[in-house]
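Geometric and topological summary
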Amino acid sequence: MASRWVVANWKMNPRTRAEAAALAREVRQGVEELAGGAQVGLAPPACFLYDVGEALRGSSILLGSQNLGWEESGAFTGEVSSAMLRDAGGAFTILGHSERRAHFAENSEIINRRLKHALRSGVQVILCVGETLRQREAGLAFTILDEQLRGALLDLSPGDVKGLTIAYEPVWAIGTGHNATPEQAGEAHARIRAYLKNGFGEAAAPVRILYGGSVNPENAASLFAHLEIDGALVGGASLNARSFTTLVRLAS
Ligand code: PGA
């Protein structure tokens, strides 16, 4: 297995450039002291990409965005392109986060456009999928995962999946303090793995599957101990350099 990947999704935080740069510097210092085996990524808000990129320059920590436009430039108000991301030193983007789906009406078609463009322009993608509590209780969790994967990965060739990572993020676990158990996550990851293998064959073998949803220093060790879990996408606990660095240590 490739090394585990621990990615910080800062969402719409912190408030200022200075705080963003300071947090990035603290994380960098913590990660460099560890000299551990896990790969680390930070996804700040778009307006902080340059400052965080500066703070990370020369380090092994990857910089990413929380979304990405599907064209390189032009009349797309509110969007950030892969060229802009790369210019800031960025290497990856998060796509299809449940908050984008729920609050900004991003559907499979939009996510699929973003995803194809990102991968084909050399930006690594962390595609988020996950069911709501109601869907889980109705026994539909796997159906939803299959549907979201099918929609987001439409028209992708086996060659395209090289830069792909999936994050299983059950909506009921995001920001709630109720993480999925390692068994629940492991089961979902196995399903995702099977879906990818079926669609892309051996090309999908290196695709990492991260877990996201209330990952914190208390529950991370048991999650990372599960064979199917290749890392974590972390919201709340990534805003504190010490907790985030602890997660990186536990993943190493
Ligand atoms: P959380 O967020 O760690 O705060 O639950 C995870 C995410 O939304 O990526």
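Residues numbered from 1 in each chain as written. Predicted model: local features only at pLDDT ≥ 70, side-chain atom pairs only at ≥ 80, totals over all residues. Heavy atoms only, no water.

It is worth spelling out the overall build of the protein at this point. On a plain count of helices and strands, the protein comes out with 10 helices and eight strands. Along the three orthogonal principal directions, the C-alpha set of the protein runs to about 45 × 45 × 35 Å. Looking at the protein as a whole, 52% of its 252 residues are labelled buried. Across the protein, the fraction of contacts at a sequence separation of at least 24, relative to all contacts at a separation of at least 6, is 73%. By element, 52% of the accessible surface of the protein is carried by carbon and sulfur atoms, the whole surface being about 11400 Å². The positive charge centre, built from 24 side chains, and the negative charge centre, built from 26, are 1 Å apart in the protein. (Helix = DSSP H or I, 4+ residues; strand = E, 2+ residues; numbered from the N terminus. Buried < 20%, exposed > 50% of the residue type's maximum accessible area, 1.4 Å probe, protein only. Contact = heavy atoms within 4.5 Å. Areas by Shrake-Rupley, 256 points an atom, 1.4 Å probe, with all protein chains shown as cover. Lys, Arg positive; Asp, Glu negative; His and termini not counted. Charge placed at Lys NZ, Arg CZ, Asp CG, Glu CD.)

This part takes up the site of the ligand. In the vicinity of the ligand lie 13 residues, with Lys 11, His 97, Glu 169, Gly 175 and Ser 214 positioned nearest. Separating an oxygen atom of the ligand from a backbone N or O atom of Gly 175 is a distance of 2.7 Å. Calculation on the ligand without its partners gives an accessible area of 280 Å², and the protein chains cover 95% of this total. (Near = heavy atom within 4 Å. Polar contact = N/O pair within 3.5 Å; in protein donor to acceptor, adjacent residues only side chain to side chain.)

If you look at the biggest cluster of nonpolar residues, it comprises 64 residues, and the most contacted ones within it are Leu 42, Leu 127, Ile 166 and Phe 244. With residues near it in sequence (within four places) discarded, Leu 42 still touches Ala 8, Trp 10, Ala 24, Val 27, Val 52, Leu 56, Ile 61, Leu 62, Leu 63, Gly 64, Phe 92 and Phe 244. Judged by nonpolar contacts, the second largest core, of 11 residues, contains Trp 5, Leu 62, Ala 167 and Leu 210. (Core = buried A, V, L, I, M, F, W, Y, C linked by side-chain atoms within 4.5 Å.)

For helix α8 (residues 182-200), with 19 residues, the first-to-last C-alpha span of 26 Å sits near the 27 Å given by 1.5 Å per residue. Taken residue by residue, α8 has Pro 182, Ala 185, Gly 186, Ala 188, His 189, Ile 192, Leu 196 and Phe 200 as its buried positions. The arc that holds the buried residues of α8, viewed along the axis, is 165°, so those residues lie on one side. Counted as exposed and oriented over 90 degrees from the buried face of α8: Glu 183, Lys 197 and Asn 198. (Expected span 1.5 Å × (residues − 1). Arc of directions from axis to C-beta.)

To continue, consider the sheet that holds strand β8 (residues 231-234). Taken in spatial order, the eight strands close into a barrel running β1-β2-β3-β4-β5-β6-β7-β8, and their pairing is parallel. On average, adjacent strands in this sheet sit at an angle of 25° to one another, irrespective of strand direction. Pairing analysis gives five bridges linking strand β5 (residues 124-129) to strand β6 (residues 164-168), with the strands arranged parallel. If you follow Leu 127 over to β6, its bridge partner there is Ile 166. Here helix α10 (residues 241-251) sits on the sheet and contacts β1 (5-9), β2 (39-43) and β8; the angle it forms with β1, its principal contact strand, is near 160°. (Pairing = 2+ DSSP bridges. Axes fitted to C-alpha atoms, helices over the stretch in contact; angles between N-to-C directions.)

Further remarks concern helix α1 (residues 17-34). Taking 1.5 Å of rise per residue, 18 residues should cover 26 Å, and α1 covers 26 Å from first to last C-alpha, within 8% of that figure. Restricting attention to buried positions, one finds in α1 the residues Ala 20, Ala 21, Leu 23, Ala 24, Val 27, Arg 28, Gly 30 and Val 31. Where the residues of α1 are buried, they touch β2, α2 (49-56) and α10. Of the residues flanking the end of α1, it is Ala 35, one or two places downstream, whose phi is positive at about 45°.

Quick look at the pattern of salt bridges now. Counting across every chain of the model gives 13 salt bridges. Two residues, Arg 57 and Glu 54, come together in a salt bridge whose shortest N-O distance is 2.4 Å. In this structure Arg 57 comes out as exposed when scored by relative accessible area, which is 56%. Overall, the relative accessible area of 47% leaves Glu 54 in the partly exposed class. The shortest N-O distance in the salt bridge between Arg 114 and Glu 79 comes to 2.4 Å. Residue Arg 114 is found in helix α5 (residues 108-120), and its partner Glu 79 is found in the loop between β3 (62-65) and α3 (82-87); the two are separated by 35 residues along the sequence. Given a relative accessible area of 30%, Glu 79 falls into the partly exposed group. A network of salt bridges, in which partner residues are shared, links Glu 79, Arg 100, Glu 106 and Arg 114. (Salt bridge = Lys/Arg side-chain N within 4 Å of Asp/Glu carboxyl O.)

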